[in-house]
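One letter stands for each residue in the lines below.
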Amino acid sequence: MEVIIRPTEAAAATLVARVIGRELQARPQLVLGLATGRTMEKVYDELAREHREAGLDFSLCRTFNLDEYIGLPVTDSHSYRHYMNAQLFQRVNIDRRNTHLPNGMATDFRAECAHYETEIRDCGGIDLQLLGIGRSGHIGFNEPLSALRSRTREKALTPMTAEQNASMFGGDASKVPRRAITMGVGTILEAHRIIVLVTGVEKADIVAKAVEGPITSMVTASGLQLHPHCTVVVDEAAAGKLKGTEYYRWIFDNEPEWQSFR
Ligand code: F6R
């Protein structure tokens, strides 16, 4: 794992978008794992801008989202399918048939989850997975005590996550669906490369636990320490509780991998 600190939320999101853009240019058929949430909006704005202004081509790209609420039809403006259409898919030249989210209205959830895993496998696995971290320490909707080897399944959301996501539901946590389908931690860890974006002072505690704390299912993001190619990009605010910042800054300023991003 490596940690990159950027001065602002905008600079952190732009770096993440540039990493995605580079991977897509190098491999037009990229299988991209996608996340939703407030943090990602700036990444999608930036990818849409790169498409518009620099011709970044999504025509062959395939995508798999991490999760979807149970009980919301795709027409519901709170569904993650709706979010993805609005934030990214409608703004770039992606073939909508190449975009995948779990079906939160499935009649047989066990079959739907197994099918989602099969679809990912049939595409050859996820090349690059984009992640955020929730206040509960979750990745996807893998709430505390999710097995670090878990696969795509139904999961109940914690009250903390309902609170976190309430802003998308007019500020009312009781309106946030309490169940979702999510890729498992084990599914996520099989991606070839992972890039995580965490911004804001309210995430400083949890990002320090995830990155520098012990690996524990109580903070499922800590499972990312097991991944061979995982980059965590934070802004200064989210970096506030990290202990190894001097080393992290040195990496970005000196390592050849980051030279063209400086
Ligand atoms: C969403 C997802 C979640 C979010 C996390 C952070 O698809 O997988 O893990 O990335 O809850 O959400 P925000 O960015 O809204 O704080």
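Residues numbered from 1 in each chain as written. Predicted model: local features only at pLDDT ≥ 70, side-chain atom pairs only at ≥ 80, totals over all residues. Heavy atoms only, no water.

### Quick word on the site of the ligand
Worth spelling out the cut-off: For this description, a residue counts as near a given molecule or strand if any of its non-hydrogen atoms is within 4 Å of it. Nitrogen and oxygen atoms within 3.5 Å of one another constitute a polar contact, given that in protein one can donate a hydrogen and the other can accept it, and given that sequence-neighbouring residues count only through two side-chain atoms. Note that accessible areas follow from Shrake-Rupley with a 1.4 Å probe, and for residues the cover is restricted to the protein chains shown. Just so you know the grouping, Ala, Val, Leu, Ile, Met, Phe, Trp, Tyr, Cys and Pro go in nonpolar, Asp, Glu, Lys and Arg go in charged, and all remaining residues, Gly too, go in polar.
In the vicinity of the ligand, 14 residues are found, and the nearest of them are Thr-36, Thr-39, Asp-67, His-138 and Lys-203. In this structure, Arg-38 approaches the ligand through a main-chain N or O atom, which is 2.9 Å from an oxygen atom. Interatomic distance of 2.4 Å between a side-chain N/O atom of Thr-39 and an oxygen atom of the ligand. Contact with the protein chains hides 95% of the accessible area of the ligand, taken as 410 Å² for the molecule alone. Taken together, the residues that form the shell around the ligand break down as three nonpolar, eight polar and three charged.

### Quick notes on the sheet that holds strand S7 (residues 153–156)
The condition is simple: When DSSP finds two or more bridges between two strands, those strands count as paired. Helix numbers and strand numbers start at the N terminus; a helix is a DSSP run of H or I with at least 4 residues, a strand a run of E with at least 2. Axis definition: a line fitted to C-alpha atoms, limited for helices to the stretch in contact. Angles are taken between N-to-C directions and run from 0 to 180 degrees.
Strand order in the open sheet formed by three strands is S4-S8-S7, with antiparallel pairing between adjacent strands. Of all strands in the sheet, those bounded by a partner on one side alone are strand S4 (67–69) and S7. The sheet shows a mean angle of 30° between the axes of neighbouring strands, taken without regard to direction. As paired strands, S4 and strand S8 (residues 179–182) are joined by three bridges and run antiparallel to one another. Within S8, the residue paired with Glu-68 across the bridge is Ile-181.

### A word on the sheet that holds strand S1 (residues 2–6)
The condition is simple: Residues count as neighbours in contact if any of their non-hydrogen atoms are within 4.5 Å of one another.
Spatial strand order, S1-S10-S9-S6-S2-S3-S5: seven strands in an open sheet with parallel pairing. Strands at the two margins of the open sheet, each flanked by one partner only, are S1 and strand S5 (99–100). Along the sheet face, helix H2 (residues 38–54) touches strand S2 (31–34), strand S6 (128–131) and strand S9 (193–198) and points at about 130° away from the line of S6.

### Side note on the environment of Val-211
To keep things clear, this is the line we draw: A 1.4 Å probe rolled over the protein chains alone gives each residue an accessible area, and that area as a share of the maximum for its type sets the label: buried under 20%, exposed over 50%, partly exposed in between.
Structurally, Val-211 is set in helix H7 (residues 204–212). Given the relative accessible area of 12%, Val-211 is considered buried. Between the C-alpha atom of Val-211 and that of Asn-93, which follows or precedes it by 118 residues, the distance is 35 Å. The contact partners of Val-211, leaving out residues within four places of it in the chain, are Met-1, Val-3, Gln-225, Val-232, Leu-242 and Tyr-248.

### Some remarks on helix H3 (residues 80–87)
Most of H3 sits out of view: six of its eight residues are buried. Looking at the buried residues of H3, the elements they touch are S2, H2, strand S3 (62–65), S4, S5 and helix H5 (159–165).

### Remarks on the packing of aromatic side chains
Put simply, the rule is: Centres within 6.5 Å make a pair out of two Phe, Tyr or Trp rings, where for Trp the six-membered ring is used; the pair is then stacked when the planes are under 30 degrees apart, edge-to-face when over 60, and tilted otherwise.
Scanning the model with the defined rule gives ten aromatic pairs in all. When the ring of Tyr-69 is compared with that of Phe-141, the centres are 5.7 Å apart and the planes differ by 40°; the resulting orientation is tilted. You can see Tyr-69 sitting in strand S4 and its partner Phe-141 sitting in the loop between S6 and S7, a full 72 residues away along the chain. A single burial state applies to Tyr-69 and to Phe-141, both of which are buried. Taken together, the ring pairs in this structure connect Tyr-44, Tyr-69, Tyr-80, Tyr-83, Phe-141 and Phe-169 into an aromatic cluster.

### Some remarks on the packing of H2 against H3
The axes of two packed helices give the description: the angle between them and the distance between them. It is at 10 Å that the axes of H2 and H3 come closest, and there the two elements cross at 30°. Counting all contacts with H2, which are made through Met-40, Glu-41 and Tyr-44, the residues of H3 involved are Tyr-83, Met-84 and Gln-87.

### Overview of unusual backbone geometry
In this model, Leu-145 sits at a positive phi of 80°, which is unusual for a non-glycine residue. The residue Leu-145 is located in the loop between S6 and S7 in this model.

### Re the packing of helix H1 (residues 9–26) against H2
To keep things clear, this is the line we draw: Small angles under 35 degrees read as roughly parallel and large ones over 145 as roughly antiparallel, with 65 to 115 read as roughly perpendicular and the rest as oblique. Here a crossing is taken to be left-handed if its near helix is turned anticlockwise relative to the far helix by less than a right angle, and right-handed if that turn runs clockwise.
It is the contact of H1 with H2, at a shortest axis distance of 8 Å, that shows an interaxial angle of 50°. Classified by the angle their axes make, H1 and H2 are oblique. Crossing handedness for the pair H1 and H2: right-handed. Within the contact between the two elements, H1 uses Glu-9, Ala-13, Thr-14, Val-16, Ala-17, Arg-18, Ile-20 and Gly-21 and H2 uses Lys-42, Val-43, Glu-46, Leu-47 and Glu-50.

### Examining the pattern of salt bridges
How we decide: The salt bridge definition used is simple: a Lys or Arg side-chain nitrogen within 4 Å of an Asp or Glu carboxyl oxygen.
Within this structure, the stated rule accounts for 16 salt bridges. The partner of Glu-46 in a salt bridge is Arg-49, with the nearest N and O atoms 2.7 Å apart. Of this pair, Glu-46 and Arg-49 are both found in helix H2, three residues apart, which corresponds to roughly one turn of the helix. Judged by relative accessible area, Arg-49 falls into the partly exposed class, the value being 30%. Of the charged contacts, one joins Arg-193 and Glu-257 as a salt bridge, the two residues approaching to 3.6 Å between their closest N and O atoms. Remark: Glu-257 occurs in the segment after helix H8 (245–254) and Arg-193 occurs in strand S9; sequence separation between them is 64 residues. On the basis of relative accessibility, which here comes to 9%, the residue Arg-193 falls in the buried class. Connected through shared salt-bridge partners, Glu-46, Arg-49, Arg-52 and Glu-53 make up one network.

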